[in-house]
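One-letter residues, chain by chain:
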Amino acid sequence: MLRPLLRALHVQLRSPARPCRINCAGLRGQDLLKSEQENWKVMSARYKDMAEKIKQKLEVFYDKYTFNQDRPMTKEVLKFYLVLKIFVFMMPSFNASEFLLMKEWATNNVLFYTSQENLVCHNVFLTTLTNTKHTELVYTEQDPRFFVDICCTKDRRFLTINSNSKTTSEVWLVDCSHPFKSPVLVQQRTKGVIYHIEHRNDELYILTTYGQPAEYKLMKTPLGSCGMENWQSVYTLKEKTKLIDMEMFKDQCVMFLKYYNHLYLNVISLGSHSVQSVELPAWACAFELEPHPEYNTSTCYFQLASPVQPPKRFAYSLVENHLIEQVEQEVPITLNCHTVHLTAKSKDETLVPITVFHNTDSKELHRKPLLVHVYGAYGIDLNMSFKAENLMLIDNGWILAYCHVRGGGELGLGWHRDGCKHNKLNGFYDLKACMMLLHEVGFSQPKYTALTGASAGGVLAGALCNADPELFGAMVLQAPFLDVLNTMLDIHLPLTVEEQEEWGDPLTDDKYMEYIKSYCPYHNIKPQHYPSVLITAYENDERIPLTGVLRYIHKLRKAVMDHASSKYKQEIASMIVSRDITGPSPCIPPQPREDVTIAGTGSPAPNIILNVQTGGSHCAPSWEDLLNEVAGHLAFLHRELKLEGK
């Protein structure tokens, strides 16, 4: 049932590539891009040998631990392109430039589908794949903040047309036995109320945020009385609980939940409303529900994983109330990896969870390198899925820390609300508290610490880099959002209007203008000593305009050099004073360069590097580039944190 919501949050990631639009004030955009690409060729040569060594090790871990993981996705992709070919062949009028996004069969020969253009999906179409070809527009969404998707109920009685913003939703029903009848509205959209629909025995089951507390609830109503005033409570999540996913079966509803990073499932009887709670293995951090097309099935299948544990398949028997591990291929949990759960006290004394992984055999953890992960936006959890490179890092003595800051969804809907719009700085304070606690309890130290984030995670990482650069020695960002204010001021960019529910609207509210300016990474760059920074961006990324990344890297590099020049001038001034007192001065050293020690500090000037990938899209490099990208990131960290011999 959560799939419509998850699609609304993530589906824009799969948009087709479009030409990059670059317009940097004071510089010709394409010249600046070309300059950065040339600079990358020079700078990457420094890490080439180390990157090759790391890549060879990575290949071993990838070959061993990534078996079979991409097969389900491959099948879905094949199905998708098969349908696309049918459309292009049978309907020459279909505009292939409008990306075919979702499709659902109402009957064997009546297909509903949506299309996406410029990251926007507002239309639902119906078409018949018979001798008498017919296509019509079924639904159009007028509000640019809303994104439309379609989904069939598990019993395939209805097709739902779901129109979702980030905080509000509206659902229309199409009777699959009469697909040409007009859709019927379930409940008119109400600001701040999200709801999704399932059907069973002439009753609608509604997953919604309606009512108090403002967390997800399961409710129901007779099919003929859809209005909100008729909704009856079935089950309410307890506070600070994350609803990961939910699946409806004939007589049970299974909810997959997370409470302070511990996963469990609740099996709700749709007859008696009794609840059976089942704890999942303590090592599990990530969950993925497998498709269950059969409404009457008695077994629920899913996969569990962690950053250091490859996915393992489990089955829950709805009849026997028993959890079974499905052993398909033996890949043991990393026995030399220890997991630690911490809570950091933020500025307002909110407790923020941290998950830490380190090698059990490691000694002197305060001298080991630490890689800190952060996201904190859109109510989306920090990615805790398995990555083979994490095993290599643990094997090499690294400490991995995942900071579950506000703005994400780890502790439910309230956790997101407390870290978005006018509360965005809470996530920044959370991250700072997490970094300080990690060092206080003996996990590494600033000079061996690196911070990493992707996409919107770049906001908090970039903000901390400006405010407290002494907390870490290097930062690696992937497709980062760094120029929040200028992006939110440009309504012509894709998704700007939709994003106002996450960041606020600086165009109409001066308070948001000043608030965003107070933390925006680009607007708070200043001459000071920064950690080394490596940013990977994608030339065809529509979600994160390359313009903002180029502006950021140019301004940051200038601030670093201004700081170096300032230190140089201070040193020269001290030399002159010394000469006046003691006699002739020694030779004046040359002006500082980006790759030398900053005069007077003894600290090396940080490397500020941008790698613009011509392939791939938002945080999604092609498989061919993935290993090279990961190896490059790790080689950069190895050199900048001075880990030679460690």
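For the structure, check the block above.
Report on the accompanying structure.

Scanning the model with the defined rule gives 17 aromatic pairs in all. Here the aromatic rings of phenylalanine 61 and tyrosine 65 are separated by 6.3 Å at their centres, their planes lie at 20°, and the arrangement is stacked. Of the two residues, phenylalanine 61 and tyrosine 65 are both situated in helix α3 (residues 48-65); the distance of four residues between them amounts to about one turn of the helix. Assessed through its relative accessible area of 11%, tyrosine 65 is described here as buried. Taken together, a centroid distance of 4.1 Å and an interplanar angle of 25° make the contact between phenylalanine 256 and phenylalanine 287 stacked. Note that phenylalanine 256 is positioned in strand β14 (residues 252-259) and phenylalanine 287 in strand β17 (residues 286-289), a separation of 31 residues in sequence. Phenylalanine 287 carries the same exposure label as phenylalanine 256, and that label is buried.

Quick look at the environment of histidine 404 now. Its location among the elements puts histidine 404 in the loop between β24 (399-403) and α6 (413-417). Residues histidine 404 and valine 352, 52 residues apart in the sequence, show an inter-C-alpha distance of 6.5 Å. Not counting the four nearest positions on each side in its chain, histidine 404 is found in contact with Asn261, Val352, Pro353, Ile354, Thr355, Leu382, Met384, Glu410 and Trp415.

Together, Asp49, Glu52, Glu59 and Asp63 line one region of the surface with negative charge. Checked against the element boundaries, aspartate 49 lands in helix α3. You can call aspartate 49 exposed: its relative accessible area is 60%.

The next point concerns the side chain of glutamate 410. Relative to the helices and strands, glutamate 410 resides in the loop between β24 and α6. No salt bridge forms around the buried glutamate 410; measuring N to O, its nearest opposite-charge neighbour lysine 258 is 5.9 Å away. Within the structure, the side chain of glutamate 410 is placed 2.8 Å from the backbone nitrogen of leucine 382, a separation counted as a polar contact. The residues touching glutamate 410, leaving out its near neighbours within four places in the chain, are Lys242, Lys258, Asn261, Ile380, Asp381, Leu382, His404, Val405 and Trp415.

In space, the four strands of this open sheet follow the order β9-β10-β11-β12, with antiparallel pairing throughout. Every interior strand has two partners, whereas the edge strands, β9 (195-200) and β12 (232-236), have only one. Adjacent strand axes in the sheet meet at a mean angle of 25°, parallel and antiparallel pairs treated alike. One ladder, built from six bridges, connects β9 with strand β10 (residues 203-208); its direction is antiparallel. Looking at β10, one finds that arginine 200 is bridged to glutamate 203.

Moving on to the sheet that holds strand β25 (residues 449-454). With respect to topology, eight strands assemble into an open sheet ordered β21-β22-β24-β23-β25-β26-β27-β28, the strand pairing being mixed. Of all strands in the sheet, those with a lone pairing partner are β21 (337-345) and β28 (608-613), marking the two edges. Strand-to-strand twist in this sheet, taken as the mean axis angle between neighbours without regard to direction, amounts to 15°. When strand β23 (residues 370-373) meets β25, the two strands line up parallel, connected through four bridges.

So, about the packing of helix α7 (residues 424-440) against helix α8 (residues 457-467). Remark: α7 packs on α8, axes separated minimally by 10 Å, with the N-to-C direction vectors making an angle of 65°. The orientation of α7 relative to α8 falls into the category roughly perpendicular. Judged by the sense of rotation from one axis to the other, the crossing of α7 with α8 is right-handed. Contact residues: α7 offers Lys424, Gly427, Phe428, Leu431, Lys432 and Met435, while α8 offers Leu460, Ala461, Ala463, Leu464 and Ala467.

Regular strands have side chains that alternate between both faces of the sheet. Most of strand β13 (residues 241-248) sits inside the fold, with eight of its eight residues counted as buried. The turn joining β13 and β14, which pair antiparallel and follow one another in sequence, is formed by three residues.

The rules behind these values
- Residues numbered from 1 in each chain as written.
- Predicted model: local features only at pLDDT ≥ 70, side-chain atom pairs only at ≥ 80, totals over all residues.
- Heavy atoms only, no water.
- Phe/Tyr/Trp six-rings, centres within 6.5 Å; stacked < 30°, edge-to-face > 60°.
- Helix = DSSP H or I, 4+ residues; strand = E, 2+ residues; numbered from the N terminus.
- Buried < 20%, exposed > 50% of the residue type's maximum accessible area, 1.4 Å probe, protein only.
- Contact = heavy atoms within 4.5 Å.
- Patch = residues over 30% accessible without salt bridge, like charges linked within 9 Å, V, L, I, M, F, W, Y side chains within 5 Å.
- Areas by Shrake-Rupley, 256 points an atom, 1.4 Å probe, with all protein chains shown as cover.
- Salt bridge = Lys/Arg side-chain N within 4 Å of Asp/Glu carboxyl O.
- Lys, Arg positive; Asp, Glu negative; His and termini not counted.
- Charge placed at Lys NZ, Arg CZ, Asp CG, Glu CD.
- Polar contact = N/O pair within 3.5 Å; in protein donor to acceptor, adjacent residues only side chain to side chain.
- Pairing = 2+ DSSP bridges.
- Axes fitted to C-alpha atoms, helices over the stretch in contact; angles between N-to-C directions.
- Parallel < 35°, antiparallel > 145°, perpendicular 65-115°, else oblique.
- Left-handed = near helix turned anticlockwise from the far one by under 90°.

Any link to function would need more than the numbers given here.
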